[in-house]
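The chain contents come next:
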Amino acid sequence: MKVTVDLVSDIICPWCYIAKARLERVEQQLQGEITVVKRVLPFLLYPHIPRGGAPKSDFSKFTRPGMGRGLREEAAAEDISIHYRKIERIPNSLEAHRLLYLAR
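Figured I'd write up the structure that's included with this text. Sequence positions are assigned chain by chain, starting from 1 and proceeding in written order. Local features in a predicted model are, by the rule used here, given only for residues with pLDDT of at least 70; side-chain atom pairs are given and counted only at 80 or more, and totals for whole chains, interfaces and linings are based on all residues. For the side-chain quantities, the full set of heavy atoms in the structure was used; hydrogens and water were omitted.

This brings us to the side chain of H97. Helix and strand definitions follow DSSP, with helices as H or I runs of at least four residues and strands as E runs of at least two, each counted in order from the N terminus. Tracing the backbone through its elements, the reader meets H97 in helix α4 (residues 94-103). In this structure, H97 is in contact with S9, D10, I11, P42, F43 and L44, ignoring residues within four places of it in sequence. Here, two residues are considered to be in contact whenever any of their heavy atoms come within 4.5 Å of each other.

Structure representation (structure tokens):
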């Protein structure tokens, strides 16, 4: 059986990365039973961020308290290490999406 999965994500989104890891784990578990065809579709998570990015300190005013703890717990469940405190700037990912499109 063949299943197509659309991954709508922003490459800077850690939650999207966790979801991708989970999909790959399930894909391995179902190997031989189901063939997964992945279509990656771009999404600008933060379109308001200027082209050069924004300091994380400006950005963190808009996030919910405790969000980082939940993120780390979910990432750890997939054996992913996330070090959110090391991030100094939140990038605008438009050019990265454009580059991925051109690379295809």
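Where strand β1 (residues 2-9) meets strand β2 (residues 35-42), eight bridges bridge the pair, whose relative direction is parallel. Bridge assignment links S9 to a residue of β2, and that residue is P42. The parallel pair β1 and β2 is bridged by helix α1 (residues 14-29), and the resulting crossover is right-handed. By definition, two strands form a pair when at least two bridges between them are found by DSSP. Place the viewer so that the strands point away; then a crossover is right-handed whenever the path from the first strand over the helix to the second strand goes clockwise.

Another point: the environment of M1. Structurally, M1 is set in the segment before β1. Sequence-distant contacts of M1, defined by excluding residues within four places in its chain, comprise E33, I34 and T35.

Salt-bridge detection follows one rule: a side-chain nitrogen of Lys or Arg within 4 Å of a carboxyl oxygen of Asp or Glu. Here the structure, examined in full by the defined rule, presents nine salt bridges. Note that K20 and E24 form a salt bridge whose closest N and O atoms lie 2.7 Å from each other. Placement of both K20 and E24 in helix α1 is noted, with a separation of four residues, approximately one turn of the helix. Salt-bridge contacts for E27 lead to K38; the nearest nitrogen and oxygen are separated by 3.1 Å. Taken together, the positions of E27 in helix α1 and K38 in strand β2 put the pair 11 residues apart, joining distant regions of the chain. Relative accessibility decides the category of a residue: with a 1.4 Å probe and only protein chains considered, values under 20% of the type maximum give buried, values over 50% give exposed, and everything between is partly exposed. Overall, E27 belongs to the partly exposed group, its relative accessible area being 22%. Judged by its relative accessible area of 34%, K38 is partly exposed. Three or more residues are tied together by salt bridges with common partners; here these are K20, E24, E27 and K38.

Right, let's talk about the nonpolar core for a bit. Within the largest apolar cluster, six residues are counted, these being I18, A21, L71, A75, I80 and I82. Among the secondary structure elements, those contributing two or more residues to this core are α1 and α3 (67-77). Once residues within four sequence positions are removed from consideration, A75 is found in contact with I18, I80 and I82. In this text, buried Ala, Val, Leu, Ile, Met, Phe, Trp, Tyr and Cys residues form a nonpolar core when linked through side-chain atoms within 4.5 Å.

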